[in-house]
Amino acid sequence: MFDSPKEECGVVGITTATDASRLAFFALYALQHRGQESAGLATYNGKINIKTGMGLISQALNEPDIELLEGSYAIGHTRYSTSGSTKIENAQPIKCLVETDEIALSHNGNVINAKSIREELREWGCEFKSSSDSEVILQLLANAPGKDWAEKINYMMNRLQGAYSLTVLTKDGIIGIRDPLGVRPLCLGKIEDGYILASESCAIDHIGGEFIREIDPGEAIFITKDKMKTIFKKETPKLANCVFENIYFARPDSILDEQLVYITRKKMGAQLAIEHPVEADIVIGVPDSAIAAAVGYSEESGIPFTEGLVKNRYVGRTFILPDQRLREVGVRRKLNPLKEIIKDKSIVVVDDSIVRGTTTPFVVDLLRKAGAKKIHLRICAPPIKWPCHFGVDMATRSELLAANKSIDEIQNHIKADSLGYLSVEGLMKTVPKPSNEYCDACFTGKYPIPVQLEMSKFNLE
Ligand code: SF4
C-alpha cells in the first residue's frame with residue numbers, strides 16, 4: 001500500500017568450496033528489499049536442485065532446505081513480479097535442459113519482446129511452465145545456436161530487448177550476464193574460497209566478501225571456485241542505467257556506478273535544497289530511503305536534521321486497504337511521528353518519490369496531527385509521469401499522479417504548505433555518470449528503446 005515504486009528482483013550467484021547454498025542464503029537476505037513475493041535457491045551437485053517458496057526469504061526457505069541443497073555452486077533470487085503474477089510457478093530460480101545437462105537461472109529486469117520470442121520458441125518445440133519473461137530468457141539461452149556459451153549469449157543478446165541482469169547456474173560454474181543497456185545492476189566480489197555475483201554490493205559485504213567491480217553492460221562473466229573470466233562482451237552504443245536505483249531501489253550501503261548510494265542520495269538532498277529553499281526549523285526524512293537525502297538537504301541549507309518519523313520494520317506485507325480510514329491506519333502501522341520533536345515546528349519533509357499519491361496525504365496529515373506548524377515536502381525524484389517497462393512495477397500512466405495533475409494541484413491534493421520536486425537536470429548533477437548513460441524515462445518519457453506504453457505485466461499469462 002505504500003506509494004513507492006515496487007522493487008523488482010534481486011539475484012545472487014556463489015562459487016565456493018563448501019556451503020554455497022548457505023552463503024547464497026545469507027547474501028540473499030541483503031537483497032530482501034528488492035523483492036518480497038517469493039524467494040529461492042538452486043545448487044549443482046551432478047544435477048540442479050531447486051527450492052523456492054512464497055513470501056519473504058525467511059518464509060520461503062528454512063534450515064532443512066539449505067542442508068539438502070548440496071554443491072559448490074549456488075544461485076538465488078528474491079522476486080517482486082514485473083512480468084507474470086504472484087504464484088509459485090513464477091518463483092525463481094528456474095531450470096531447463098541444455099542438450100544433456102540442466103541449467104538454472106535467476107533474473108532481475110523485464111524483457112519487452114518476451115511474448116514474440118516465446119511464440120517462436122514454442123515453434124522450436126519449447127514448453128513453458130510459467131508466465132514470466134524469465135523463462136523465455138532461460139529457454140532462449142538454452143536453445144540458442146552456438147558452440148559455446150559466448151556464442152549462445154551473443155545470440156541471446158541480439159534477440160532480447162529490455163532489462164536483464166542474470167545469474168546462470170551450469171555444471172561448470174556460474175555465468176553473470178548484464179544486458180547491453182546496463183539497466184539493472186550486477187556486481188562481482190571475492191570471497192575466501194570463491195566468487196560472488198550479486199545485484200548489489202551490500203550482499204557481498206554481508207558474507208564478508210570484497211567488492212571487485214560492477215559487471216559491464218553487455219558483459220558475461222564466468223566464475224568458478226578458482227577463477228573469474230569475461231567470456232563475452234558486446235559493444236554497447238547506448239547505455240541506460242536505471243537512475244531510480246540511485247534514488248530509491250538500491251540500499252544506501254551499496255556501490256552503484258562506482259559511488260556509495262548514500263553519498264549519491266546526500267547529493268540529491270543538497271541539490272533539492274538549492275532548487276527548493278525554504279525557511280524551517282528542522283529537516284526530517286521519510287524512513288528509510290529518504291534519510292540520506294534529508295541529511296544532504298540539512299547540510300546544504302543549514303537547517304538542523306533530526307529524526308521525526310519512526311518506521312515499524314516488522315509490519316511486513318500488507319493487504320489492500322479499501323477506504324480512507326483504513327489507509328490512515330495502514331500508514332500509522334508503519335510510521336509513527338516523534339511528537340515532542342515535531343510539535344510547533346516548521347518542518348522540511350524529504351521523501352523519495354510520489355507515484356500514485358495515495359499515501360503521501362496521510363503522512364502529511366500524520367505530521368499535522370503531531371503538531372507540525374508547517375510542512376514543506378521535498379521529493380528526491382522528479383515528477384513521475386511515465387510507467388517503467390524495465391523491471392519496476394510503477395503504475396499505468398492514468399494512475400500516475402504527476403501525469404495527470406500540475407505541481408500546484410498535487411500540493412493541494414497532499415495538503416502540504418509547499419512542495420518541491422528535484423529537477424531532472426538537478427538529479428543528473430548528483431549521479432556519478434554522465435546523464436546520457438542513464439534511463440530517466442519515467443520522468444521524461446524518453447525510453448531508451450521503443451516500448452508499448454500500456455503493456456500489462458500479465459501479457460504472458
Ligand atoms: S523508466 Fe524509470 S524506473 Fe524504469 S528503468 Fe527507466 S529510470 Fe528506472
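These numbers come from a predicted model, not from an experiment.

**Student:** Any chance you could explain the packing of helix α4 (residues 114-123) against helix α5 (residues 133-143) here in plain terms?
**Tutor:** Each pair of packed helices can be described by the angle between their axes along with the distance between the axes. Two elements in contact, α4 and α5, have axes separated by 10 Å at closest approach and are oriented at 45°. Considering the angle they form, α4 stands oblique to α5. Once α4 is placed against α5, the crossing between them reads as left-handed. Residues Ala114, Ile117, Arg118 and Leu121 of α4 lie in contact with α5, whose contacting residues are Asp133, Val136, Gln139 and Leu140. Classifying every residue of the contact of α4 with α5 gives five nonpolar, one polar and two charged.

**Student:** Sorry, what's going on with the sheet that holds strand β17 (residues 282-285) here?
**Tutor:** Neighbouring strands of a sheet are bound in pairs by backbone hydrogen bonds; such pairs are parallel or else antiparallel. Reading across the sheet, the four strands line up as β17-β20-β21-β22 and stay open at both edges, with parallel pairing between neighbours. In this open sheet, the two strands that pair with only one neighbour each are β17 and β22 (418-421). The sheet shows a mean angle of 20° between the axes of neighbouring strands, direction not considered. Relative to strand β21 (residues 374-379), strand β20 (residues 346-351) runs parallel, the two sharing six bridges. When the bridges of β21 are listed, serine 346 appears paired with lysine 374. Sheet contacts for helix α9 (residues 261-275): β20, β21 and β22; angle to β22, the most-contacted strand, approximately 125°. Packed onto the sheet, helix α13 (residues 360-369) meets β17, β20 and β21 and runs at close to 145° relative to β21.

**Student:** Honestly, the sheet that holds strand β6 (residues 101-111) in this entry has me stumped. Any pointers?
**Tutor:** Sheet architecture is open: six strands sit in the order β5-β6-β7-β8-β12-β13, paired in antiparallel fashion. Edge strands, defined here as strands with exactly one partner in the open sheet, are β5 (94-98) and β13 (228-233). In this sheet, adjacent strand axes meet at a mean angle of 25° when their direction is disregarded. Across five bridges, the pairing between strand β12 (residues 219-223) and β13 is antiparallel. The residue bridging isoleucine 223 from the neighbouring strand is methionine 228, located in β13.

**Student:** Could you clarify how one ought to interpret the packing of aromatic side chains in this entry?
**Tutor:** In this description, an aromatic ring pair is defined by two values, namely the gap between the centres and the angle between the planes. Across all of its chains, the model carries six aromatic pairs by this definition. For the ring pair tyrosine 248 and phenylalanine 249, a centre distance of 5.4 Å and an interplane angle of 70° mean the geometry is edge-to-face. Grouping residues by exposure puts tyrosine 248 and phenylalanine 249 together as buried. Pairwise contacts between aromatic rings join Phe244, Tyr248, Phe249 and Phe443 into one cluster. Cation over ring: arginine 118 sits above phenylalanine 128, and NZ or CZ is 5.7 Å from the ring centre. The ring of tryptophan 386 carries the charged tip of arginine 397 above its face, separated from the ring centre by 3.7 Å.

**Student:** What should I look at first to understand a nonpolar patch on the surface in this one?
**Tutor:** Side chains of Leu260, Tyr262 and Ile263 sit close together on the surface and give an oily, nonpolar patch of about 230 Å² of accessible area. Relative to the assigned elements, tyrosine 262 resides in helix α9.

Reading guide: rules and limits
- Residues numbered from 1 in each chain as written.
- Predicted model: local features only at pLDDT ≥ 70, side-chain atom pairs only at ≥ 80, totals over all residues.
- Heavy atoms only, no water.
- Axes fitted to C-alpha atoms, helices over the stretch in contact; angles between N-to-C directions.
- Helix = DSSP H or I, 4+ residues; strand = E, 2+ residues; numbered from the N terminus.
- Parallel < 35°, antiparallel > 145°, perpendicular 65-115°, else oblique.
- Left-handed = near helix turned anticlockwise from the far one by under 90°.
- Contact = heavy atoms within 4.5 Å.
- Nonpolar A, V, L, I, M, F, W, Y, C, P; charged D, E, K, R; others polar.
- Pairing = 2+ DSSP bridges.
- Phe/Tyr/Trp six-rings, centres within 6.5 Å; stacked < 30°, edge-to-face > 60°.
- Buried < 20%, exposed > 50% of the residue type's maximum accessible area, 1.4 Å probe, protein only.
- Lys NZ or Arg CZ within 6 Å of the ring centre and 35° of its normal.
- Patch = residues over 30% accessible without salt bridge, like charges linked within 9 Å, V, L, I, M, F, W, Y side chains within 5 Å.
- Areas by Shrake-Rupley, 256 points an atom, 1.4 Å probe, with all protein chains shown as cover.
- Salt bridge = Lys/Arg side-chain N within 4 Å of Asp/Glu carboxyl O.

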